[in-house]
Amino acid sequence: VVAGAQQLIHGDPKASNLLWNETGEVVGILDCDTFLYHFPAIDVGDALRSWCKRQGADGASAFDLEKYRSATEGYCAGLGENVDATHHVLYLRATKLITLELASRFLIDVAEDYYFGWDVAKYANRRMHNLARAQQYYHFFTTIPESV
């Protein structure tokens, strides 16, 4: 089943939350305070949001289809499935959803000004940094295709 039933997922499977050994294999997962019951595709979408960013020469992020294809083929192979059009639609929608959600969370923190940390060397305050993040994530969102 592509969508799967709700199950326990990590909720923030970005690369920096993975524990790597000296040969480059993932041997554990960190930051377990985000565990929740949800659909596996949400975790896949969040992982792809993190893993499939490519920095352009202008500094803007764009969706990297090559990384996406490698990640989804590996994930589906681990499930004993072949990645197909249904997988792509589901995973790309989840990636877009999570990316837009994160852009929205940055905008919320522009108003609330308490949650996310900020780079004091680059920004005068947290609000300015979060506004820049929201704009960056929205731009990234626009580069994620509907299908491949």
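Every residue gets a number counted from 1 within its own chain, in the order that chain's sequence is written. Local features in this predicted model are restricted to residues whose pLDDT is 70 or higher, and side-chain atom pairs enter the listing and the counts only when it is 80 or higher, whereas totals over whole chains, interfaces and linings include all residues. To get the side-chain values, take all heavy atoms of the structure and skip hydrogens and water.

**Details of the side chain of Thr99**
A run of H or I in DSSP counts as a helix once it spans at least four residues, and a run of E counts as a strand once it spans at least two, with each numbered from the N terminus. The residue Thr99 is located in helix H3 (residues 85-112) in this model. The contact partners of Thr99, leaving out residues within four places of it in the chain, are Arg49, Tyr137, Phe140, Phe141 and Ile144. Here, residues are in contact when the closest pair of their heavy atoms is within 4.5 Å.

**A closer look at the packing of aromatic side chains**
Ring pairs shown here join Phe, Tyr and Trp side chains whose ring centres sit within 6.5 Å, with only the six-membered ring taken for Trp; geometry is labelled stacked below 30 degrees between planes, edge-to-face above 60, and tilted in between. Scanning the model with the defined rule gives eight aromatic pairs in all. Between Phe106 and Tyr137 the ring centres are 5.6 Å apart and the planes differ by 45°, which places this aromatic pair in the tilted class. On the criterion of sequence distance, the pair formed by Phe106 in helix H3 and Tyr137 in helix H4 (residues 126-143) is long-range, its members being 31 residues apart. Summarising the aromatic geometry, the rings of Tyr115 and Phe116 are spaced 4.8 Å apart at their centres and angled 90° between planes, so their arrangement reads as edge-to-face. We call a residue buried when its accessible area falls under 20% of the maximum for its residue type, exposed when it is over 50%, and partly exposed in between, using a 1.4 Å probe and counting protein chains only. When its relative accessible area of 14% is taken as the criterion, Phe116 is described as buried.

**Thoughts on the pattern of salt bridges**
What counts as a salt bridge is simple: a side-chain nitrogen of Lys or Arg found within 4 Å of a carboxyl oxygen of Asp or Glu. Within the structure shown, the criterion is met by seven salt bridges. A salt bridge links Arg127 to Asp113, with the nearest nitrogen and oxygen atoms 3.5 Å apart. One end of the pair, Arg127, is in helix H4; the other, Asp113, is in the loop between H3 and H4, and 14 residues separate them in sequence. Among the charged side chains, a salt-bridge network with shared partners connects Asp12, Lys14, Asp46 and Arg49.

**A word on the side chain of Arg133**
The topology assignment puts Arg133 in helix H4. Within this scheme the basic residues Lys and Arg register as positive and the acidic residues Asp and Glu register as negative, but His and the chain ends are omitted. Buried and unpaired, Arg133 has no salt bridge, with Asp109 as the nearest side chain of opposite charge at 5.9 Å. Ignoring anything within four residues of it in the chain, the contact list for Arg133 reads Phe106, Phe116, Gly117 and Trp118.

**Observations concerning the packing of helix H1 (residues 40-51) against helix H2 (residues 65-78)**
Inter-axis angles, ranging from 0 to 180 degrees, are taken between N-to-C directions of lines fitted to C-alpha atoms, where helices are fitted over the stretch in contact. The interhelical angle for the contact between H1 and H2, taken along N-to-C directions, is 145°, at an axis separation of 10 Å. Between H1 and H2 lies a crossing whose hand is right-handed. The segment H1 lies against H2, with Pro40, Val44, Leu48 and Trp51 engaging Lys67, Tyr68, Ala71, Thr72 and Tyr75. Its residues assigned to classes, the contact of H1 with H2 comprises seven nonpolar, one polar and one charged. Two helices that cross are described as forming a left-handed crossing if the nearer one is turned anticlockwise from the farther one by less than a right angle, and a right-handed crossing if clockwise. In this count, Pro and Cys sit with the nonpolar residues alongside Ala, Val, Leu, Ile, Met, Phe, Trp and Tyr, while Asp, Glu, Lys and Arg are called charged and the others, Gly among them, polar.

**Some thoughts on the packing of H2 against H3**
Packing of H2 against H3 leaves a shortest axis separation of 12 Å and a crossing angle of 115°. As for the relative orientation of H2 and H3, their crossing is right-handed in sense. Of the residues in H3, those touching H2 at Tyr68, Thr72, Tyr75 and Cys76 are His87, His88, Tyr91 and Leu92. Of the residues assigned to the contact of H2 with H3, the class counts are five nonpolar, three polar and no charged.

**Side note on the layout of surface pockets**
A cavity here means a set of 1 Å grid points, computed over protein atoms only, where a 1.4 Å probe fits but cannot escape. A pocket is an open set with protein on both sides within 12 Å along at least 5 of 7 lines, and lining residues have an atom within 4 Å of a point. Grid points are joined across faces, edges and corners, and a volume is the space filled by probe spheres set on the points. Looking at the largest pocket, its volume works out to about 490 Å³. Secondary-structure elements contributing two or more residues to the lining of the largest pocket are strand S4 (36-38), H1 and H3. Ranked by residues supplied to the lining of the largest pocket, first place goes to H3 with six residues. Its residues placed into classes, the lining of the largest pocket shows ten nonpolar, three polar and eight charged.

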